[in-house]
Amino acid sequence: MSPSDAAWQQMISALHASGRKAALAITGGGSGAVGELLRIPGGSRLLIEAQVPYDEQALAAFLGFAPAQACSSDTAIAMAQSARARAARLLPPDAKRATDLVGLGATAALVSDRPRRGEHRFHIAFANSAGVAHCTCVMAKGRRNRAAEEDLVSRAIVLWLARACGIAAPSVRGLLDADEQYGETLISAVDTIDQLLAGELDRVTVQPDGQMMLSAPQPLVLFPGSFNPMHEGHVLLARVAEELRQQPLAFEISVTNVDKPPLAGETVRHRLAQFAWKSPVELTRAPTFLEKSRLFPGATFVVGADTAERLFGAKYYGDDETRMHMALEEIANSGASFLVAVRIDAAGRVRALNDIPVPRRYADLFTEIPEHRFRSDTSSSEIRARGVAFVNPNEPHR
């Protein structure tokens, strides 16, 4: 049974007063949830925006990629995470706190004007500071008309949003008949880094809002580094790389190192905090570019000339030139490429791509970033020595 009108209104009023800010994305059915939320006074305290990317192209534009299936749990989760990230961009810096932002995504396949061969179902997900949760329902076919299915999904969305905002609410199960299928899954964001450090995962994508994804679309431009700390040179180089490649950039941090112990979980979380509300970060267990190219085939890696030079140092391959060439061949065959920035070496000399003895067969892998486009003499080690950080964590780099 659905909640009584009085209890329903009381729950929505509590949602409005929850102190949360929410953004909704709904496709396929259930858009009546927006009306339900706004019918009760006070909706502006809760709702930042509600989008209905109904068309296939509109949904792809909203997500930034075309989902394999429009009506699925993965799509609902991606919509929730995209909605939360958009909410963060829409709020002024002094008004947003990660703990207060909620993104909700819902996708449904309901009664249509044509017979539907598949199940009548819906998937709803929310993303908040605690992680991601999603539910799936398969409704009995032919039991309800379109209006009744729309009403059911709309109410389910409101109940799921209440849960995301910490408001006591009935289970969505109560809206369904006993023979209809319903299930819920909670994905905690807390354990993912520990899983990566334990070797249970090879890659975790951390969105600007802090949400963690295990199967996000692969970035085409990657800026690897330890970012200890992130500084203004990193920010500027990221901007220039995006302009040159005309693609969004993700930073990459490997939690393992060739000649150092793995990073501690606390260290990883501290470094991630530098990117909050600014850029996505790929956390990996890939300390070498050979391993990175396997994880991200076809990617462009943004590096300094000092890092590019190490690709051709036999000592980094156990003084085995054959191993070096085998690694470089595999990197080349993966479709990887490198954007190389000018760097100052330990002796104070300006080092650029043309200072590196790149074998002719690998020359096409590398493109120099002109010095007039980027040069920064700042280094993380100098900043650590001085105990000074350059980047305001609340100032976006884009």
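Every chain is numbered on its own, with residues counted from 1 as its sequence reads. Residue-level local features of this predicted model are given only where pLDDT is at least 70; pairs of side-chain atoms are given and counted only at 80 or more, and the full residue set underlies all totals for whole chains, interfaces and linings. To get the side-chain values, take all heavy atoms of the structure and skip hydrogens and water.

Colleague: Sorry if this is basic, but what is going on with the overall build of the chain here?
Modeller: Each helix and strand counted, the chain has 12 helices and 16 strands in total. Expressed as lengths along the three principal axes of its C-alpha atoms, the size of the chain is roughly 75 × 45 × 35 Å. We call a residue buried when its accessible area falls under 20% of the maximum for its residue type, exposed when it is over 50%, and partly exposed in between, using a 1.4 Å probe and counting protein chains only. Relative to its 398 residues, the chain shows a buried fraction of 50%. The contact rule is simple, with two residues in contact once any of their heavy atoms fall within 4.5 Å. Within the chain, counting contacts between residues at least 6 apart in sequence, those at least 24 apart form 72% of the total. Element-wise, carbon and sulfur atoms account for 50% of the exposed surface of the chain, whose accessible area totals about 19000 Å². Charge convention: Lys and Arg are scored as positive, Asp and Glu as negative, and His as well as the terminal groups of each chain are ignored. Charge positions are represented by NZ for Lys, CZ for Arg, CG for Asp and CD for Glu. Looking at charge distribution, the chain has the averaged site of its 43 positive side-chain charges lying 2 Å from that of its 45 negative ones. Helix and strand assignments come from DSSP, with helices taken as H or I runs of at least 4 residues and strands as E runs of at least 2, each series counted from the N terminus. Here the Shrake-Rupley method, with its probe set to 1.4 Å, supplies the accessible areas, and only the displayed protein chains count as covering residues.

Colleague: Even after reading the chapter, I still don't get the nonpolar core, so can you show me in this structure?
Modeller: A general feature of soluble globular proteins is that nonpolar side chains tend to end up buried together. Working definition of a nonpolar core: buried Ala, Val, Leu, Ile, Met, Phe, Trp, Tyr and Cys residues. They are joined through side-chain atoms within 4.5 Å. In this structure, Leu15, Phe122, Ile124, Trp160 and Leu161 are the most contacted members of the largest nonpolar core, which totals 41 residues. At the level of elements, helix H1 (5–16), strand S1 (21–27), helix H2 (32–39), strand S3 (101–109), strand S4 (120–128), strand S5 (131–139) and helix H5 (146–164) are the ones that each hand at least two residues to this core. No other element matches the 10 residues that H5 contributes to this core. When near neighbours in sequence (up to four residues on either side) are disregarded, Leu15 contacts Leu37, Leu46, Val158, Leu161, Ala162, Cys165 and Ile167. Listed in part, the 29 residues of the second largest apolar core include Leu196, Val221, Phe223 and Met230.

Colleague: Even after reading the chapter, I still don't get the packing of helix H3 (residues 56–63) against helix H4 (residues 73–90), so can you show me in this structure?
Modeller: What describes two packed helices is the angle between their axes and the distance between those same axes. Interaxial distance between H3 and H4 falls to 9 Å at its minimum, and their mutual angle equals 55°. Taken together, the axes of H3 and H4 lie oblique to each other. The segment H3 lies against H4, with Leu59, Phe62 and Leu63 engaging Thr75, Ala78, Met79, Ser82, Ala83 and Arg86. Simply put, an axis is a line fit to the C-alpha atoms, just over the touching stretch for a helix, and the angle between two N-to-C directions goes from 0 to 180 degrees. Small angles under 35 degrees read as roughly parallel and large ones over 145 as roughly antiparallel, with 65 to 115 read as roughly perpendicular and the rest as oblique.

Colleague: Any chance you could explain the sheet that holds strand S9 (residues 221–224) here in plain terms?
Modeller: As a general point, the strands of a sheet are linked pairwise by backbone hydrogen bonds and lie either parallel or antiparallel. Two strands make a pair as long as DSSP finds a minimum of two bridges between them. Overall, mixed pairing links the eight strands, which are arranged S8-S7-S11-S10-S9-S12-S13-S16 in an open sheet. Looking at which strands have only one partner, the edges of the open sheet turn out to be strand S8 (212–213) and strand S16 (366–368). Relative to strand S11 (residues 281–284), strand S10 (residues 249–254) runs parallel, the two sharing four bridges. Each bridged residue has a counterpart across the sheet, and for Ser254 the counterpart in S11 is Thr284.

Colleague: Mind showing me how you'd approach the pattern of salt bridges here?
Modeller: Side-chain pairing between opposite charges can occur once the charged atoms of the two side chains come close. For this analysis, a salt bridge means a side-chain nitrogen from Lys or Arg found within 4 Å of a carboxyl oxygen belonging to Asp or Glu. Following the criterion strictly, the structure yields 18 salt bridges and no others. Between Asp177 and Arg144 there is a salt bridge, with the nearest N and O atoms lying 3.9 Å from each other. One end of the pair, Asp177, is in the loop between H5 and strand S6 (181–188); the other, Arg144, is in the loop between S5 and H5, with 33 residues separating them in the sequence. Residue Asp177 is classed as partly exposed on the basis of its relative accessible area, which comes to 31%. We note a salt bridge from Arg144 to Glu180, for which the minimum N-O separation is 2.7 Å. Separated by 36 residues along the polypeptide, Arg144 in the loop between S5 and H5 and Glu180 in the loop between H5 and S6 bring together distant segments of the chain.

Colleague: What should I look at first to understand the layout of surface pockets in this one?
Modeller: Think of a ball as big as a water molecule: rolled over the atoms, this probe shows where empty space is left. In this structure, the largest pocket encloses a volume near 1700 Å³. The pocket and cavity definitions rest on a 1 Å grid over protein atoms only: a 1.4 Å probe that fits but cannot leave marks a cavity, an open set with protein on both sides within 12 Å along at least five of seven lines marks a pocket, and residues lining either have an atom within 4 Å of a point. Around the largest pocket, the lining is made up of 49 residues, and of these Gly225, Ser226, Asn257, Thr307 and Arg310 lie nearest the centre. When residues of the lining of the largest pocket are traced back to their parent elements, those giving at least two are S9, helix H7 (232–245), S10, helix H9 (289–295), strand S12 (300–304), helix H10 (305–310), helix H11 (321–333) and helix H12 (380–386). Grid points are joined across faces, edges and corners, and a volume is the space filled by probe spheres set on the points.

Colleague: Before we go on, may I ask you to explain the pairing of S1 in this structure?
Modeller: The two faces of a sheet get side chains in turn, since along a regular strand they alternate between them. Counting buried positions along S1 yields six of seven residues, so the element is predominantly enclosed. The handedness rule is simple: strands pointing away from the viewer, and a clockwise path from the first strand over the helix to the second, make the crossover right-handed. Note that the unit made of S1, H2 and strand S2 (residues 47–51) has a crossover that is right-handed.

Colleague: I keep staring at H2 and nothing clicks. Help me out?
Modeller: In an α-helix, one full turn covers 3.6 residues, which means residues spaced three or four apart are oriented alike. Every buried residue of H2 is listed here: Ala33, Val34, Glu36 and Leu37. Looking straight down H2, one finds its buried side chains confined to an arc of 160°; they lie on one side. If you follow the buried residues of H2, they end up packed against H1, S1, S2 and H5. Throughout, the arc means that of the directions going from the helix axis to the C-beta atoms.

Colleague: How should I be thinking about H5 in this particular structure?
Modeller: For H5, spanning 19 residues, the distance from its first C-alpha to its last is 27 Å, which sits close to the expected 27 Å at 1.5 Å a residue. The element H5 is largely enclosed, with a buried count of 14 among its 19 residues. Whenever a nitrogen or oxygen atom comes within 3.5 Å of another N or O atom, the pair is scored as a polar contact, on the condition that within protein one atom can donate a hydrogen and the other can accept it, and that pairs from neighbouring residues in sequence are kept only if both atoms are in side chains. A side-chain oxygen of the first residue of H5 lies 3.3 Å from the backbone nitrogen of Ala147; this N-cap is Asn145. Downstream of H5 by one or two residues, Gly166 has phi in the positive range, about 80°. What a helix is expected to span follows from its residue count: subtract one and scale by 1.5 Å.

Colleague: Hey, could you run me through the packing of aromatic side chains in this one?
Modeller: The geometry of an aromatic ring pair is captured by two quantities: the separation of the ring centres and the angle between the planes. Geometry of aromatic contacts follows a simple scheme: Phe, Tyr and Trp rings, the Trp one being its six-membered ring, pair when their centres are within 6.5 Å, and the pair is stacked under 30 degrees between planes, edge-to-face over 60, tilted otherwise. Counted by the stated rule, this structure contains 11 aromatic pairs. Aromatic side chains Phe227 and Phe251 sit 5.2 Å apart centroid to centroid with 85° between the ring planes, which places their arrangement in the edge-to-face category. Of this pair, Phe227 sits in the loop between S9 and H7 while Phe251 is found in strand S10, placing the two residues 24 residues apart along the sequence. Its relative accessible area of 2% is what places Phe227 among the buried residues. Both rings, one in Phe338 and one in Phe366, keep their centres 5.1 Å apart while their planes meet at 15°; by these two values the pair is stacked. Taken together, the positions of Phe338 in strand S13 (residues 337–341) and Phe366 in strand S16 put the pair 28 residues apart, joining distant regions of the chain. Owing to a relative accessible area of 1%, Phe338 belongs among the buried residues under this scheme. Put simply, the rings of Phe289, Phe301, Phe312, Phe338 and Phe366 touch in pairs and so form one group of aromatic residues. Above the face of the Trp8 ring, Arg155 is positioned so that its terminal group lies 4.2 Å from the ring centre. Only when the NZ atom of a Lys or the CZ atom of an Arg is both within 6 Å of the ring centre and within 35 degrees of the ring normal do we say a charge sits over the ring.

Colleague: Whenever I open this one, the environment of Ile167 confuses me. Can you help?
Modeller: Here Ile167 is to be found in the loop between H5 and S6. Taking the C-alpha atoms as reference points, Ile167 and Ile12, separated by 155 residues in sequence, lie 9.1 Å from one another. Other than its neighbours up to four places away in sequence, Ile167 contacts Met11, Ala14, Leu15, Ser18 and Ala162.

Just geometry here; none of it tells us what the structure is for.
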